[in-house]
Amino acid sequence: MAHRASQSLIVNTSTIELIDSHCHLDFSEFDSNRGELITSCQQQGIISLIVPGVSAQQSLSLLNFKAQAPSFVNIAFGLHPYFLTQTADADMQVLTQLAHQYNKQLCAIGECGIDRAQPNLELQQRIFIAHIALANDLKLPLIVHHRQSHDLIQAAFKQCPPKHGGVIHAFSGSKEIANYYVGFGFKLGIGGIISYERSQKTRETIATIALDSLLIETDAPSMPLFGAQGQPNSPLALIDVFTHLVSLRMEPAAVIAAQLRQSCNDIFRI
Ligand SMILES: [Zn+2]
């Protein structure tokens with residue numbers, strides 16, 4: 001695998017526009033500095049971001065959240081596998097109704113998916129399939145969460161094939177798995193994981209797969225980059241994710257930035 005010299009990690013971002021395709025900017029970790037953070041992002045070329053839904057109630061609250069910075073914030077409605085409770089089936093009914101009602105405001109359905117670190121895989125599978133069906137009904141892409149669960153995600157895709165693509169958030173895995181998702185019209189969400197030397201398999205996948213298969217994201221306040229472990233992550237770290245991606249790829253930074261911008265538009269219409 002070809003690597004660039006480390007000095008090319010310094011990328012001039014003054015002329016590029018980046019979109020954080022996954023950022024929980026509504027979480028309370030950002031309550032004290034959200035306004036300044038948005039200003040700093042815009043000054044540094046981060047022109048927009050996508051805030052996923054994690055519960056029915058929080059999804060509804062995203063409508064107001066978006067209204068405060070409509071040109072910067074894009075939103076999705078979903079039930080995150082971390083936050084599923086005993087009432088998940090009823091919550092999914094509520095979410096479905098809300099998504100139909102407010103679908104013009106949404107760029108995607110999610111964050112949804114299957115997480116092997118969480119209990120009740122049968123329930124997770126059922127709720128995930130309901131999200132796929134909802135996205136198909138509304139002609140929207142999906143934001144998919146996975147954790148040691150590619151096999152279960154693929155089983156769900158077999159049962160209810162997604163029709164409008166989406167993003168495999170925080171992608172990690174082999175090129176074979178990556179190509180499976182690309183075949184369904186999905187992009188791979190590339191985050192801080194590529195800053196870790198131990199993620200060799202994922203870094204190789206990202207280095208060699210077609211450039212138009214990729215999106216970048218921070219997942220802030222989660223998933224800090226190497227060197228920032230233990231600190232809350234920030235959407236400003238998107239620039240570091242981008243520079244790590246540039247260091248893994250052969251294309252010039254400007255070409256990569258332009259393709260990421262295009263891919264975000266192709267999937268999310270933003
Ligand atoms: Zn997330």
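An unreviewed UniProt entry lists the protein under the name Putative hydrolase with metallo-dependent hydrolase domain, from Pseudoalteromonas tunicata D2. According to UniProt, the comment filed for the protein under the heading Sequence similarities (unreviewed entry) is "Belongs to the metallo-dependent hydrolases superfamily. TatD-type hydrolase family."

Undergrad: Sorry, what's going on with the UniProt feature "binding site: a divalent metal cation 1" (unreviewed entry) in the protein here?
TA: The UniProt entry lists H22, H24, E111 and D219 under the feature "binding site: a divalent metal cation 1" (unreviewed entry), expressed in the numbering used here. Sequence-wise these annotated residues cover 198 residues; spatially they are packed, their C-alpha atoms never more than 11.1 Å apart. Taking the annotated residues in turn, H24, E111 and D219 line the largest pocket. By secondary structure assignment, the location of H22 is in the loop between β1 (18-20) and α1 (34-43). Taking the relative accessible area as the measure of exposure, H22 reaches 0% and is therefore buried. For D219, the position within the fold is in the loop between β8 (214-216) and α8 (238-248). Excluding residues within four positions of it along the chain, D219 makes contact with H22, H24 and H169.

Undergrad: Any chance you could explain the UniProt feature "binding site: a divalent metal cation 2" (unreviewed entry) in the protein here in plain terms?
TA: UniProt annotation of "binding site: a divalent metal cation 2" (unreviewed entry) refers to H145 and H169 when read in the numbering used here. Despite a sequence span of 25 residues, these residues sit close together in the fold, their greatest C-alpha distance being 5.5 Å. The annotated residues that sit in the lining of the largest pocket are H145 and H169. Within the element layout of this structure, H145 appears in strand β5 (residues 142-147). When its relative accessible area of 9% is taken as the criterion, H145 is described as buried. Apart from residues no more than four positions distant in its own chain, H145 is found in contact with H80, P81, Y82, E111, C112, G113, I114, D115, I153 and H169. Tracing the chain through its elements places H169 in the loop between β6 (166-168) and α6 (175-183).

Undergrad: Even after reading the chapter, I still don't get the packing of α8 against helix α9 (residues 253-268), so can you show me in this structure?
TA: Think of two packed helices as two axes; the pair is described by the angle between the axes and how far apart they sit. In contact at an axis separation of 10 Å, α8 and α9 are set at 120 degrees when each is read in the N-to-C sense. Overall, the two elements α8 and α9 adopt an arrangement that is oblique. The crossing of α8 and α9 is right-handed. Contact residues: α8 offers F242, L245 and V246, while α9 offers A253, I256, A257 and L260.

Undergrad: In this structure, what is going on with the pairing of strand β4 (residues 106-115)? I would like to understand it.
TA: A regular strand places its side chains so that they alternate between the two faces of the sheet. Most of β4 is tucked away, with 10 of its 10 residues classed as buried. With three bridges connecting them, strand β3 (residues 73-77) and β4 associate as parallel partners. Counterpart to F77 in the pairing with β4 is I109. Strand direction decides the pairing type here: β4 and β5, joined by five bridges, are parallel. Pairing of G113 across the sheet is with H145, part of β5.

Undergrad: For this particular structure, what's the right way to read the coordination of the zinc ion?
TA: Note on metal sites: the ideal angle is 109.5 degrees for four tetrahedral donors, and 90 or 180 degrees for six octahedral donors. For the zinc ion, every protein donor is listed as H22 (NE2), H24 (NE2), E111 (OE) and D219 (OD), and the spread of their distances is 2.1 to 2.7 Å. Considering all four donor atoms around the zinc ion, angles at the metal cover 83 to 168 degrees and the coordination shape is irregular. The sequence pattern formed by the donor residues of the zinc ion is H-x1-H-x86-E-x107-D. Separated by 108 residues along the polypeptide, E111 in strand β4 and D219 in the loop between β8 and α8 bring together distant segments of the chain. We note that E111, like D219, is buried.

Reading the values: the criteria
Residues numbered from 1 in each chain as written. Predicted model: local features only at pLDDT ≥ 70, side-chain atom pairs only at ≥ 80, totals over all residues. Heavy atoms only, no water. UniProt positions renumbered as here; feature names shortened; annotations may be inferred. 1 Å grid on protein atoms, 1.4 Å probe; cavity = no way out; pocket = protein on both sides within 12 Å on 5 of 7 lines; lining within 4 Å. Helix = DSSP H or I, 4+ residues; strand = E, 2+ residues; numbered from the N terminus. Buried < 20%, exposed > 50% of the residue type's maximum accessible area, 1.4 Å probe, protein only. Contact = heavy atoms within 4.5 Å. Axes fitted to C-alpha atoms, helices over the stretch in contact; angles between N-to-C directions. Parallel < 35°, antiparallel > 145°, perpendicular 65-115°, else oblique. Left-handed = near helix turned anticlockwise from the far one by under 90°. Pairing = 2+ DSSP bridges. Donors = N, O, S within 2.8 Å, 3.2 Å for Na, K, Ca; no water. Tetrahedral: all angles 85-135°; square planar, octahedral: opposite > 155°, others 65-115°.

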